[in-house]
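If you want the building blocks of each chain, they are given just below.
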Amino acid sequence: MQNKKRAGDTANKPFAGKNETATSENAANFAETKKSKGGLRRLVNAFLYTCAGFKAAFKYEHACRQEIFAFCVLTIVVIALPIDAFSKAMLFVPMPLILGFEMLNSAIEAVVDDISLEYRELAKRAKDLGSAAVFCAMVIGAVVWIAVLAKCISAGDFNGWAQAVCGLFSAGK
C-alpha cells in the first residue's frame with residue numbers, strides 16, 4: 001500500500017519551512033544556501049565526502065569489502081603479468097568501475113531502507129535494478145579480462161613466464 005501525499009505535505013521537503021508549502025522560490029533559496037559556490041573549499045569538501053563514502057562502504061557493505069579485496073589481489077596480478085602497459089590498463093579499468101557500481105547499488109539500498117523497511121514493489125524494483133547494474137559491470141569486466149588475456153596468450157606474452165613462476169615454487173624443495 002502506497003502512502004498518498006497531501007497537497008500541503010512538507011515532511012520530505014527540506015526547503016519548506018513551518019506552515020509553508022514548497023515552491024520553486026523556496027527550492028531555489030534552499031539550493032542557494034546549501035550548495036557550494038566553488039573554489040578550493042568545494043574541492044576539499046568533495047574529497048572529504050569521497051573519503052567518507054569509501055569508509056562507509058568498507059564499514060557497512062560486505063560486498064564492497066569483498067570487491068576491495070578482489071581489487072587488491074587483481075591489481076597485484078595485473079602488475080605481475082608480463083604484458084604491455086596498454087593491456088595492463090585494460091585489465092585495471094573494470095575494477096574501480098565494478099566497485100563504483102557496487103557503491104551506487106549500496107546507496108540505492110540505503111536510501112530505500114531509510115525510507116521504509118516495509119515491502120514495497122517499487123523499492124524491490126529499485127534494489128533489483130541496482131543489483132542488475134552491478135552484474136552488468138561484472139560481466140563487462142569478465143569479458144575485458146578474457147579478451148585481453150586471450151590476446152596476450154595468442155601473442156606469446158606468457159611464454160617462459162609460467163616456467164619461471166613454477167620454478168619459484170619448486171626452488172625451495
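All values derive from a computational prediction rather than experimental measurement.

Before we go on, may I ask you to explain the overall build of the protein in this structure?
Of the regular secondary structure elements, the protein holds 7 helices and 0 strands. For the protein, the proportion of its 173 residues judged to be buried stands at 19%. In the protein, once contacts between residues fewer than 6 apart in sequence are set aside, the share between residues at least 24 apart is 56%.

How should I be thinking about the side chain of Glu-102 in this particular structure?
In this fold, Glu-102 is placed in helix 5 (residues 94–115). Within the buried set, Glu-102 has no salt-bridge partner at all; the shortest N-O distance to an opposite charge, 11 Å, is to Arg-65. Excluding residues within four positions of it along the chain, Glu-102 makes contact with Ala-63, Cys-64, Glu-67 and Val-134.

Help me understand the pattern of salt bridges, please; the structure alone is not making it clear to me.
Proximity of charged atoms lets side chains of opposite charge pair with each other. Following the criterion strictly, the structure yields 3 salt bridges and no others. A salt bridge links Asp-84 to Lys-151; the shortest N-O distance between them is 3.6 Å. Taken together, the residues span a long stretch of sequence, with Asp-84 in the loop between helix 3 (62–80) and helix 4 (85–92) and Lys-151 in helix 6 (residues 121–154) at a distance of 67 residues. Owing to a relative accessible area of 42%, Lys-151 belongs among the partly exposed residues under this scheme. The salt bridge involving Asp-128 is made with Lys-124; its shortest N-O contact spans 2.5 Å.

Quick question: what am I supposed to make of the nonpolar core here?
Nonpolar side chains tend to gather and get buried jointly when the protein is soluble and globular. Grouped together as the largest cluster of nonpolar side chains are 15 residues, with contacts concentrated most on Ile-83 and Leu-91. Of all elements in the fold, only helix 3, helix 5 and helix 6 reach the threshold of two or more residues within this core. The element best represented in this core is helix 6, accounting for 4 residues. For Leu-91, the residues in contact, after removing those within four places along its chain, are Val-78, Leu-81, Ile-83, Val-144, Trp-145, Val-148 and Leu-149.

Where do I start with helix 5 in this structure?
In an α-helix, one turn spans 3.6 residues; hence positions three or four apart end up facing the same way. Between its first and last C-alpha, helix 5 extends 32 Å over 22 residues, near the 32 Å set by a 1.5 Å rise per residue. Within helix 5, the full set of buried residues consists of Pro-94, Met-95, Ile-98, Leu-99, Glu-102, Met-103, Asn-105, Ser-106 and Val-112. Taken together, the buried residues of helix 5 touch helix 2 (39–60), helix 3, helix 4 and helix 6.

When you look at the packing of aromatic side chains in this model, what are you seeing that I'm missing?
Given two aromatic rings, one states the distance between the centres and the angle between the planes to describe the pair. Evaluated as defined, the whole model comprises 1 aromatic pair. Between Phe-71 and Phe-92 the ring centres are 5.5 Å apart and the planes differ by 85°, which places this aromatic pair in the edge-to-face class. In this pair, Phe-71 sits in helix 3 while Phe-92 sits in helix 4, placing the two residues 21 residues apart along the sequence. On the basis of relative accessibility, which here comes to 19%, the residue Phe-71 falls in the buried class.

Would you mind showing me how to read the confidence of the model for the protein here?
Any region with low pLDDT has predicted coordinates that should not be read closely. When the pLDDT values of the protein are averaged, the result is 84; 76% of them are 70 or greater. Taken together, the stretch residues 1–19 has pLDDT below 50 and engages in 15 contacts with residues farther than four places along the chain or on a different chain.

Help me understand the environment of Glu-121 in this model?
Considering the arrangement of structural elements, one finds Glu-121 in helix 6. The class of Glu-121 is partly exposed, set by a relative accessible area of 47%. Engagement of the side chain of Glu-121 in a polar contact is seen with the side chain of Tyr-119, the distance being 2.6 Å.

Basis of the calculations
- Residues numbered from 1 in each chain as written.
- Predicted model: local features only at pLDDT ≥ 70, side-chain atom pairs only at ≥ 80, totals over all residues.
- Heavy atoms only, no water.
- Helix = DSSP H or I, 4+ residues; strand = E, 2+ residues; numbered from the N terminus.
- Buried < 20%, exposed > 50% of the residue type's maximum accessible area, 1.4 Å probe, protein only.
- Contact = heavy atoms within 4.5 Å.
- Lys, Arg positive; Asp, Glu negative; His and termini not counted.
- Salt bridge = Lys/Arg side-chain N within 4 Å of Asp/Glu carboxyl O.
- Core = buried A, V, L, I, M, F, W, Y, C linked by side-chain atoms within 4.5 Å.
- Expected span 1.5 Å × (residues − 1).
- Phe/Tyr/Trp six-rings, centres within 6.5 Å; stacked < 30°, edge-to-face > 60°.
- pLDDT = per-residue confidence, 0-100.
- Polar contact = N/O pair within 3.5 Å; in protein donor to acceptor, adjacent residues only side chain to side chain.

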